[in-house]
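Descriptive structure summary
Here is how the chains run, residue by residue.
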Amino acid sequence: MATAFIATHPLGRWQARCEALSPLAWLGLQAAALWPHWRWAGARLADGSDDPLGLAALAALGLWVAQREPLLRGSPRRAWAFASAAVTIMATLALFFLPPLLGAVLAVLALAAGLRSVMPSGQPWLPVAGLAVLALPVVSSLQFYAGYPLRVVTAEISTWVLQLAGLAAERSGTAMLVEGELVIVDAPCSGVQMVWMAYFCACAVAAFSGLRDRAMLARLPLVGLLVLAGNVLRNSVLVTLEAQQASVSEAVHQGVGLVVLLAVCGAVVAVMRGGRDAQA
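Residues numbered from 1 in each chain as written. Predicted model: local features only at pLDDT ≥ 70, side-chain atom pairs only at ≥ 80, totals over all residues. Heavy atoms only, no water.

With respect to the packing of helix 8 (residues 139–164) against helix 9 (residues 192–209)
Going by this rule: All axes are obtained by fitting lines to C-alpha atoms, using only the stretch in contact for helices, and the reported angles, taken between N-to-C directions, cover 0 to 180 degrees. A run of H or I in DSSP counts as a helix once it spans at least four residues, and a run of E counts as a strand once it spans at least two, with each numbered from the N terminus. A contact between two residues is defined here by any heavy atoms of the two lying within 4.5 Å. Polar here means any residue other than Ala, Val, Leu, Ile, Met, Phe, Trp, Tyr, Cys and Pro, which are nonpolar, and Asp, Glu, Lys and Arg, which are charged; Gly is therefore polar.
At a minimum axis distance of 9 Å, the contact between helix 8 and helix 9 shows a crossing angle of 115°. Contact residues: Val-139, Leu-142, Gln-143, Gly-147 and Leu-150 in helix 8; Val-192, Gln-193 and Trp-196 in helix 9. Of the residues that constitute the contact of helix 8 with helix 9, the class distribution is five nonpolar, three polar and no charged.

Next up, the structure:
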């Protein structure tokens with residue numbers, strides 16, 4: 001016959017109340033402890049410094065957690081719980097020593113580690129951590145640090161493509177001289193937003209399909225190649241049009257970009273869903 005123990009000492013009653021909290025309640029307390037990072041992220045979205053794409057990743061992450069909430073463990077895995085606590089401390093210290101974005105990345109990784117400690121066995125963690133990072137306002141920072149190199153790479157490969165197609169093309173920095181017409185590969189053509197969308201699709205599909213972490217890691221390089229190929233294709237088409245016409249309307253720019261983006265995202269979904277033995 002089972003015996004129920006009722007604590008009578010105040011310390012024992014507090015311990016009993018803590019043990020009665022659900023895993024999501026503990027994660028909520030951890031998130032509350034990291035509130036300065038969320039305040040920074042909210043302010044960055046509110047003042048228009050970044051695209052609101054992260055809200056889509058946040059919604060996908062919330063849906064994933066809500067679907068698996070009944071399966072969460074009552075007792076966390078010790079190693080992941082210690083890792084979560086250590087990264088939480090690092091994220092707190094980062095408020096004084098690191099740029100806000102790096103501190104926020106540590107904060108979401110701390111929460112992801114906390115979630116991993118209570119996740120049921122066999123569930124993928126890497127795509128969940130990826131969605132958590134993508135939920136942050138990272139697009140403008142990616143544009144600042146990676147935009148120029150991406151534009152140079154895109155312009156260089158587009159130059160090769162146009163030369164193979166028989167057009168006179170040269171590159172200088174992020175500019176291209178095509179059939180005597182100078183065309184600038186500007187910031188929107190860097191492909192940063194396409195990078196975000198592709199990895200968002202990869203993480204979301206991997207998370208909801210239960211793709212194993214190792215299988216996802218093996219497919220991420222192909223996702224990068226798909227993004228690069230798509231951006232080169234988009235840039236080559238637009239540069240060719242620009243070189244043949246006085247100007248290309250904004251509607252054509254948007255239409256070509258949207259078609260290529262949909263094609264890349266569709267290919268990423270196919271890559272992540274491929275294989276029969278990769279599900280956890």
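We are not done yet, so read on.
Some thoughts on the side chain of Arg-234
Assignment of secondary structure puts Arg-234 in helix 10 (residues 213–244). Leaving out residues up to four positions away in the same chain, Arg-234 has contacts with Pro-188, Cys-189, Gly-191, Met-194, Val-256, Gly-257 and Val-260.

Topic: the packing of helix 4 (residues 54–68) against helix 9
The test is simple: Roughly parallel means an angle under 35 degrees; roughly antiparallel means over 145; roughly perpendicular covers 65 to 115; every other angle is labelled oblique.
It is the contact of helix 4 with helix 9, at a shortest axis distance of 11 Å, that shows an interaxial angle of 5°. Comparing their axes, helix 9 and helix 4 come out roughly parallel. Contacts between helix 4 and helix 9 involve Gly-54, Ala-56, Ala-57, Ala-60, Leu-63, Trp-64, Gln-67 and Arg-68 from the former and Trp-196, Phe-200, Ala-207 and Phe-208 from the latter.

Observations concerning the environment of Ala-132
Within the secondary structure, Ala-132 is located in helix 7 (residues 126–134). As for Ala-132 and Val-108, which are separated by 24 residues in sequence, their C-alpha atoms are 5.8 Å apart. With sequence-adjacent residues up to four places away left out, Ala-132 is seen in contact with Leu-61 and Val-108.

Points about the sheet that holds strand 2 (residues 175–178)
Applied cut-off: Any two strands are treated as partners once DSSP identifies two or more bridges connecting them.
Taken in spatial order, the three strands line up as 1-2-3 in an open sheet, and their pairing is antiparallel. Of all the strands in the sheet, just strand 1 (169–172) and strand 3 (181–184) have a single pairing partner and so form its edges. Going from strand to strand, the sheet's axes swing by 25° on average, the running direction of each strand aside. As defined by bridge partners, strand 1 adjoins strand 2 across four bridges and the pair is classed as antiparallel. Its bridge partner being in strand 2, Arg-171 is matched across the sheet by Met-176. Relative to the sheet, helix 8 contacts strand 1 and strand 2, its axis offset from that of strand 1 by approximately 165°. Set on the sheet, helix 10 makes contact with strand 2 and strand 3; between it and strand 2 the angle comes to about 55°.

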